[in-house]
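Take a look at the letters that make up each chain.
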Amino acid sequence: MSGIYVHIPFCKSKCAYCNFFSLASQSRIDDYVEALKEEIVARKDYLHGETIETIYFGGGTPSLLSMKHIEDILETLYKNFEIIAKPEITLEVNPDTIDKEKMFSLKKSGVNRISVGIQSFNDEDLKYLDRRHDSRHALQVLDDLHEVSFDKLTLDLIYGIPTLTEESWNKNLDIFFATGISHLSAYALTVEPKTILGQKIEKGLLQDIDEDTTIRHYEILIERSKENGFEHYEISNFAKSGFRSQHNSIYWKDIRYLGLGTSAHSYDGNSRQWNVSNLTRYINTDFNSGDYFEKEILSKEDKFNEYVMTSLRTSWGCDINKIASDYGTSYANHFLKNVKRHIECGIMINDNGNYILTDKGMLLADGIASEIFVD
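Note that the coordinates shown come from a computational prediction; the quantities given were computed from them, not determined experimentally. (Residues numbered from 1 in each chain as written. Predicted model: local features only at pLDDT ≥ 70, side-chain atom pairs only at ≥ 80, totals over all residues. Heavy atoms only, no water.)

Engineer: Any chance you could explain the packing of aromatic side chains here in plain terms?
Structural biologist: Between two aromatic rings, the relevant description is the distance of the centres plus the angle of the planes. For the coordinates displayed, the defined rule picks out 19 aromatic pairs. Residues Phe304 and Tyr327 carry aromatic rings whose centres are separated by 5.7 Å and whose planes lie at 80° to one another, so their mutual orientation is edge-to-face. Taken together, the positions of Phe304 in helix α11 (residues 300-311) and Tyr327 in helix α12 (residues 320-327) put the pair 23 residues apart, joining distant regions of the chain. An identical accessibility class is assigned to Phe304 and Tyr327; each is buried. (Phe/Tyr/Trp six-rings, centres within 6.5 Å; stacked < 30°, edge-to-face > 60°. Helix = DSSP H or I, 4+ residues; strand = E, 2+ residues; numbered from the N terminus. Buried < 20%, exposed > 50% of the residue type's maximum accessible area, 1.4 Å probe, protein only.)

What follows is the structure, encoded as structure tokens:
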């Protein structure tokens, strides 16, 4: 099993908080898609013939692509990779870049999971985040998606926004659970220094985030998701039984994947590489050369640390038997020594050899993982 990620960097405008490589322009979409197709052909052997089970269009705003663009990319992928009969094909959309006609066309093309970047049903929050849509538009898009009957839908929400009160966060969750959508991705707002949001906060033009408020929002999220029958299967992801994101699970299960497009990351089990974050350079690339990406060969220590970091984010946790088998007894002993304190503090449990963070531990996941890393 492997997956393919396709990065689409184009947007109508740049959201204030966004730290991904994206451009508030659509002027070179045609050239970009042609370059993507060339990269697909050039990298058809990267995964060594492994079967592809998931394809994910992320961005940026992939829903800005025309149907011809999407169909051309999918056709090129099918020609160059062994893809299962019914792969999970996900496409991220913003409410202001999708209509019912395009939804029907996407479904016909084979796209079977739509991830909708709602972020909030509160217009004050959307204004703070510089989103282009409003709450009314968001609700209309969700109604249309239900009418088109997509197999699977994911809705994205953001918490910890300074304008988001505890009451309005609960209202956001009320609206989400009422939609009947079976997957929720909810992220804490983070402020990166080079983003528009970071610069405005630094200048005192916008209110900064409050850590205590963010923690309280997260506690409410966990509590409400359990009450509504959702599995908290990864720090930021919640799903009804059978509706997990198969593609995102690849990243947390140490499975190989190929990333295509500007800034896209790839992992082949032994190394990681990432493409250039420059549109012109990418479009003009000779993909038979190696000058459009950087590469890092992973040491045993790197692999162990990444396994700890990613698996602690999940509901299945770190498997001590896997650590002993893949990395050796010394790594297993190191792990057991360093998790003892967290178990005693009640922020981690040992479930038959699987070391899993509690709800409280999830709030501290990055710090806990760093304490377990091998230098």
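Engineer: When you look at the pairing of strand β1 (residues 2-8) in this model, what are you seeing that I'm missing?
Structural biologist: Two faces belong to every sheet, and in a regular strand the side chains alternate between them. Counted residue by residue, β1 has seven buried out of seven residues, so it is predominantly covered. Because side chains alternate across β1, one face comprises the buried residues Ser2, Ile4, Val6 and Ile8, and the other comprises Gly3, Tyr5 and His7, equally buried. Where β1 and strand β9 (residues 257-260) come together, four bridges link them in parallel fashion. By the bridge assignment for β9, Ile4 is matched with Leu258. (Pairing = 2+ DSSP bridges.)

Engineer: Honestly, the nonpolar core in this entry has me stumped. Any pointers?
Structural biologist: The tendency in soluble globular proteins is for nonpolar side chains to be buried as a group. Formed by 101 residues in total, the largest nonpolar core has its most connected members in Phe57, Leu77, Ile114, Ile323 and Phe335. Among the elements that take part in this core, helix α1 (residues 29-42) stands out by supplying six residues, more than any other. Filtering out sequence-adjacent residues up to four positions away, Phe335 remains in contact with Phe304, Val308, Cys318, Ile320, Ile323, Tyr355 and Ile372. Of all hydrophobic cores here, the second largest spans five residues; its members include Ile250, Ile255, Tyr257 and Tyr267. (Core = buried A, V, L, I, M, F, W, Y, C linked by side-chain atoms within 4.5 Å. Contact = heavy atoms within 4.5 Å.)

Engineer: What is the right way to look at helix α3 (residues 100-109) in this model?
Structural biologist: Given 3.6 residues to a turn, an α-helix orients residues that are three or four positions apart in the same direction. All buried positions along α3 are accounted for by Lys102, Met103 and Leu106. Buried residues of α3, seen end-on, are gathered within an arc of 105° and therefore sit on one face of the element. Facing away from the buried side of α3 by more than 90 degrees, the exposed set consists of Glu101 and Lys108. Structurally, α3 contributes buried residues whose contacts are with α2 (67-80), β3 (83-93), β4 (113-119) and α5 (135-148). (Arc of directions from axis to C-beta.)

Engineer: What's the story with the pattern of salt bridges in this structure? I'm lost.
Structural biologist: A side chain of one charge can pair with a side chain of the opposite charge if their charged atoms are brought near each other. Going through the model one piece at a time under the given rule, you end up with 23 salt bridges. Glu34 is the partner of Lys37 in a salt bridge, and the nearest nitrogen-oxygen pair spans 3.2 Å. Of this pair, Lys37 and Glu34 both sit in helix α1, three residues apart, roughly one helical turn. Judged by its relative accessible area of 18%, Lys37 falls in the buried class. On the accessibility criterion, Glu34 (42% relative accessible area) is partly exposed. In this structure, the salt-bridge partner of Glu147 is Lys100, at a minimum N-O distance of 3.1 Å. (Salt bridge = Lys/Arg side-chain N within 4 Å of Asp/Glu carboxyl O.)

Engineer: Can you help me understand the packing of helix α13 (residues 329-344) against helix α15 (residues 365-372) in this one?
Structural biologist: Two packed helices can be described by the angle between their axes and the distance between those axes. Where α13 contacts α15, the two axes come as close as 9 Å, and the packing angle between them is 140°. When the interaxial angle is binned, α13 and α15 end up oblique. Judged by the sense of rotation from one axis to the other, the crossing of α13 with α15 is right-handed. Along the contact surface, α13 presents His334, Phe335, Asn338, Val339, Arg341 and His342, while α15 presents Ile368, Glu371 and Ile372. For the contact of α13 with α15, the residue count by class is four nonpolar, three polar and two charged. (Axes fitted to C-alpha atoms, helices over the stretch in contact; angles between N-to-C directions. Parallel < 35°, antiparallel > 145°, perpendicular 65-115°, else oblique. Left-handed = near helix turned anticlockwise from the far one by under 90°. Nonpolar A, V, L, I, M, F, W, Y, C, P; charged D, E, K, R; others polar.)

Engineer: What should I look at first to understand a negative patch on the surface in this one?
Structural biologist: Taken together, Asp208, Asp210, Glu211 and Asp212 make up a surface patch of like negative charges. Tracing the sequence through the fold places Glu211 in helix α8 (residues 211-227). The exposure class of Glu211 is exposed, given its relative accessible area of 61%. (Patch = residues over 30% accessible without salt bridge, like charges linked within 9 Å, V, L, I, M, F, W, Y side chains within 5 Å. Areas by Shrake-Rupley, 256 points an atom, 1.4 Å probe, with all protein chains shown as cover. Lys, Arg positive; Asp, Glu negative; His and termini not counted. Charge placed at Lys NZ, Arg CZ, Asp CG, Glu CD.)

Engineer: What is the right way to look at the environment of Phe243 in this model?
Structural biologist: Its location among the elements puts Phe243 in the loop between β8 (237-239) and α9 (246-252). Owing to a relative accessible area of 28%, Phe243 belongs among the partly exposed residues under this scheme. Separated by 94 residues in the primary sequence, Phe243 and Lys337 place their C-alpha atoms 36 Å from one another. With sequence-adjacent residues up to four places away left out, Phe243 is seen in contact with Arg113, Asp151, Lys152, Ser182 and His183.

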